[in-house]
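In case you want the letters, here they are:
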Amino acid sequence: MSTPEISPELLAIIVCPACRADLAVTPAGDATELLCSGCGLAYPVRDGIPVLLVDEARKPA
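Residues numbered from 1 in each chain as written. Predicted model: local features only at pLDDT ≥ 70, side-chain atom pairs only at ≥ 80, totals over all residues. Heavy atoms only, no water.

Considerations on the nonpolar core
Part 1 of the reasoning: Core analysis: the biggest nonpolar cluster contains 11 residues, these being I6, I14, C16, A21, L23, L34, C36, L41, Y43, V45 and A57.
Part 2 of the reasoning: Among the secondary structure elements, those contributing two or more residues to this core are β2 (31-36) and β3 (42-46).
Part 3 of the reasoning: Dropping the residues within four chain positions of it, V45 is found in contact with I6, T32, E33, L34 and P50. (Core = buried A, V, L, I, M, F, W, Y, C linked by side-chain atoms within 4.5 Å. Buried < 20%, exposed > 50% of the residue type's maximum accessible area, 1.4 Å probe, protein only. Helix = DSSP H or I, 4+ residues; strand = E, 2+ residues; numbered from the N terminus. Contact = heavy atoms within 4.5 Å.)

Looking at the pattern of salt bridges
Part 1 of the reasoning: Considering all chains together, one arrives at 2 salt bridges under this definition.
Part 2 of the reasoning: Linking E33 and R58 is a salt bridge whose minimum nitrogen-to-oxygen distance equals 2.8 Å. Placement of E33 in strand β2 and of R58 in the segment after β4 (49-50) is noted, with a sequence separation of 25 residues between them.
Part 3 of the reasoning: A relative accessible area of 11% means that E33 is categorised as buried.
Part 4 of the reasoning: Among the salt bridges present, the one from R46 reaches E56, with a minimum N-O distance of 2.9 Å. Taken together, the positions of R46 in strand β3 and E56 in the segment after β4 put the pair 10 residues apart, joining distant regions of the chain.
Part 5 of the reasoning: Under the relative-accessibility criterion, R46 is labelled partly exposed at 44%. (Salt bridge = Lys/Arg side-chain N within 4 Å of Asp/Glu carboxyl O.)

What to know about the sheet that holds strand β1 (residues 23-28)
Part 1 of the reasoning: Read across the sheet, 4 strands follow the order β1-β2-β3-β4 without closing on themselves; strand pairing throughout is antiparallel. Taken across any chain shown, the strands that pair with only one partner, and hence form the sheet edges, are β1 and β4.
Part 2 of the reasoning: As paired elements, β2 and β3 share 4 bridges and run antiparallel to each other. Looking at β3, one finds that T32 is bridged to V45. (Pairing = 2+ DSSP bridges.)

Concerning the state of the cysteines
Part 1 of the reasoning: For the coordinates displayed, the defined rule picks out 0 disulfides.
Part 2 of the reasoning: You can see C19 has no disulfide; the closest cysteine sulfur is in C36, sitting 3.5 Å from it. (Disulfide = S-S within 2.5 Å.)

So, in C-alpha cells, the structure goes:
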C-alpha cells in the first residue's frame, strides 16, 4: 500500500504551528511525517493530509 503524497504547492505554504519554521517530509516507518526544522516536532500525515496540531505532534528522540 502506498502512502498518498503531499502536494508541493501545499508544502510551500504550510509552516509549523508551534514556531512557524519550515516543514520537511520524512518517512516514519510505514507512514510519513512532517518534521519541523525549527523546534523539531514531527507532525503525522494521515491519508495524505498533514495533521498540524501541536497536541498530535511528537518530539523525535
